[in-house]
Amino acid sequence: MGRLSGSHVVVVGGSSGMGAAIATLARTEGGRITIGSRNPGRFSAPEGMTVLPLDLGLPQSIADFAERLDPIDHLVITAHAAATLQTLKPVQAIDLADLESVFRIKLFGTLRLIGACLPAMTRHGSIILFSGAASRRTIPNHVGLGALNAAVEGAGRQLARELAPIRVNVLSPGLVRTPAYDAMPAADREAMFAARAAALPVGRVGMVDDIALAAIHLMCNGYVTGTVQDIDGGALLG
Ligand SMILES: NC(=O)c1ccc[n+]([C@@H]2O[C@H](COP(=O)([O-])OP(=O)(O)OC[C@H]3O[C@@H](n4cnc5c(N)ncnc54)[C@H](OP(=O)(O)O)[C@@H]3O)[C@@H](O)[C@H]2O)c1
């Protein structure tokens, strides 16, 4: 018997990076997993996992996805827009169309999805949103992402009160090695990881399993709501 035996865990973003690690660990803990992906045919889900089509940028897709879900115990949303990296620029250089698309997916798509899933959420269930350290730490070229992640954290706190007894928490990862950085030239990417590792108290960047462990805790601990959990190797210590 795992800690999530009998639970239905929905992971939007479960096809990649932290979401995939959360889906895998939740499955190991006995959960039944549904993943939302824009391209469900791209990968074959292991036993105990179902993949359904979902595009957070399309209201009808969100409605169709929510309609197909059995009662949900835990809803985890790690998805972020492909244009995220393109917004990492000084404010005068940001293409606002890129920034609009990252807000459209990670903030507005997430809020729309939560609203659509609410009728299926069990009262003892939980929701986990994802922000990032730029919400509270100044980082060069992170004006757009800082605003986005702060908005997610603000929404998470409000939702924890509004949706109670459903628990709502935000997980704020530091730099984690995921496919999100695959588009960077390899040398630049490795230099970024090495510099960040050297700057952090823990001496390394994050791994997806660090984040999955924290997500399982947020699903299982019934006394945690309205929090922002920083899983960042000490990034906020300066
Ligand atoms: N990696 C880091 O260092 C880092 C640091 C701070 C914060 N974060 C945040 O942590 C979260 C997880 O990041 P990650 O690096 O694990 O992500 P990732 O590996 O880049 O995966 C992104 C996921 O988003 C999904 N997605 C993209 N557009 C979508 C859409 N329109 N509708 C539905 N799903 C969509 C993709 O699914 P499909 O392609 O299958 O649709 C994919 O599963 C994100 O919110 C990110 O902003 C990451």
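Relevant structure appears above.
A quick note: this is a predicted structure, and the numbers were derived from the prediction, not measured.

Calculation rules
- Each chain has its residues counted from 1, running along the sequence as written.
- The predicted nature of this model means local features are confined to residues of pLDDT at least 70 and side-chain atom pairs, given and counted, to a pLDDT of 80 or more, with totals for whole chains, interfaces and linings taken over all residues.
- Derived side-chain values reflect all non-hydrogen atoms in the structure, with water molecules and hydrogen atoms excluded from consideration.
- Only runs of H or I of at least four residues qualify as helices and only runs of E of at least two qualify as strands under DSSP, and these elements are numbered from the N terminus.
- Relative accessibility thresholds used throughout: buried, under 20% of the residue-type maximum; exposed, over 50%; partly exposed, between the two (1.4 Å probe, protein chains only).
- Here Asp and Glu are counted as negative and Lys and Arg as positive; His is not counted, and neither are the chain ends.
- Salt bridges are identified by distance alone: a Lys or Arg side-chain nitrogen within 4 Å of an Asp or Glu carboxyl oxygen.
- Between two residues, a contact is recorded if the distance between any of their heavy atoms is within 4.5 Å.
- Within 6.5 Å between ring centres, the rings of Phe, Tyr and Trp (the latter by its six-membered ring) count as paired, and their orientation is classed by plane angle as stacked under 30 degrees, edge-to-face over 60, tilted in between.
- Near residues are defined by distance, with any heavy atom within 4 Å of the molecule or strand qualifying the residue.
- Between N or O atoms, a polar contact is any pair within 3.5 Å; within protein, one atom must be a potential hydrogen donor and the other a potential acceptor, and residues adjacent in sequence are included only when both atoms are from side chains.
- Here the open area of atoms and residues is found with the Shrake-Rupley method and a 1.4 Å probe, where only the protein chains shown may cover a residue.
- Polar here means any residue outside two lists: the nonpolar Ala, Val, Leu, Ile, Met, Phe, Trp, Tyr, Cys and Pro, and the charged Asp, Glu, Lys and Arg; Gly therefore counts as polar.

Remarks on the side chain of Arg167
Moving on, step 1. Looking at the element boundaries, Arg167 is found in strand S6 (residues 167-173).
Moving on, step 2. Buried within the structure, Arg167 lacks any salt-bridge partner; Asp73 is the closest side chain of opposite charge, at an N-O distance of 9.9 Å.
Moving on, step 3. Those residues in contact with Arg167 that sit more than four places away from it in its chain are His74, Gly125, Ser126, Ile127, Leu218, Met219, Cys220, Asn221, Gly222, Val224 and Thr225.

Quick notes on the packing of aromatic side chains
Each aromatic ring pair is summarised here by two numbers: the centre-to-centre distance and the angle between the ring planes.
Moving on, step 1. Inspection of the entire model under this criterion finds two aromatic pairs.
Moving on, step 2. A centroid spacing of 6.4 Å and a plane angle of 40° characterise the contact between Phe103 and Phe108, whose relative ring orientation is tilted.
Moving on, step 3. Taking relative accessible area as the criterion, Phe103 reaches 17% and is therefore assigned buried.
Moving on, step 4. We classify Phe108 as partly exposed; its relative accessible area is 49%.
Moving on, step 5. Between Tyr181 and Phe193, the aromatic rings sit 5.8 Å apart at their centres with planes inclined by 85°, giving edge-to-face as the arrangement. One end of the pair, Tyr181, is in the loop between S6 and helix H5 (186-199); the other, Phe193, is in helix H5, and twelve residues separate them in sequence. Comparing Tyr181 with Phe193, the two get one shared label, buried.

Digging into the pattern of salt bridges
Moving on, step 1. Scanning the model with the defined rule gives seven salt bridges in all.
Moving on, step 2. As a salt-bridge pair, Glu29 and Arg3 come within 3.0 Å of each other at their nearest N and O atoms. With Glu29 in the loop between helix H1 (17-28) and strand S2 (32-37) and Arg3 in the segment before strand S1 (8-12), this residue pair connects regions lying 26 residues apart in the sequence.
Moving on, step 3. Owing to a relative accessible area of 14%, Glu29 belongs among the buried residues under this scheme.
Moving on, step 4. When the shortest N-O distance is used, the salt bridge between Asp230 and Arg136 registers 2.6 Å. Within this pair, whereas Asp230 is found in strand S7 (residues 228-231), its partner Arg136 is found in the loop between strand S5 (121-130) and helix H4 (143-162), the two being separated by 94 residues in sequence.
Moving on, step 5. Sharing partners across several salt bridges, the network here consists of Arg136, Glu153 and Asp230.

Looking at the site of the ligand
Moving on, step 1. Within the structure, the ligand sits among 27 residues, and Ser15, Ser16, Ser37, Thr178 and Tyr181 are positioned closest to it.
Moving on, step 2. Ser15 is positioned such that a nitrogen or oxygen atom in its side chain is 2.6 Å from an oxygen atom of the ligand.
Moving on, step 3. Contact with the protein chains covers 92% of the free accessible surface of the ligand, which is 910 Å².
Moving on, step 4. Of all the elements in the fold, those that place two or more residues in the shell around the ligand are H1 and helix H3 (96-117).
Moving on, step 5. Split by residue class, the shell around the ligand holds twelve nonpolar, eleven polar and four charged.

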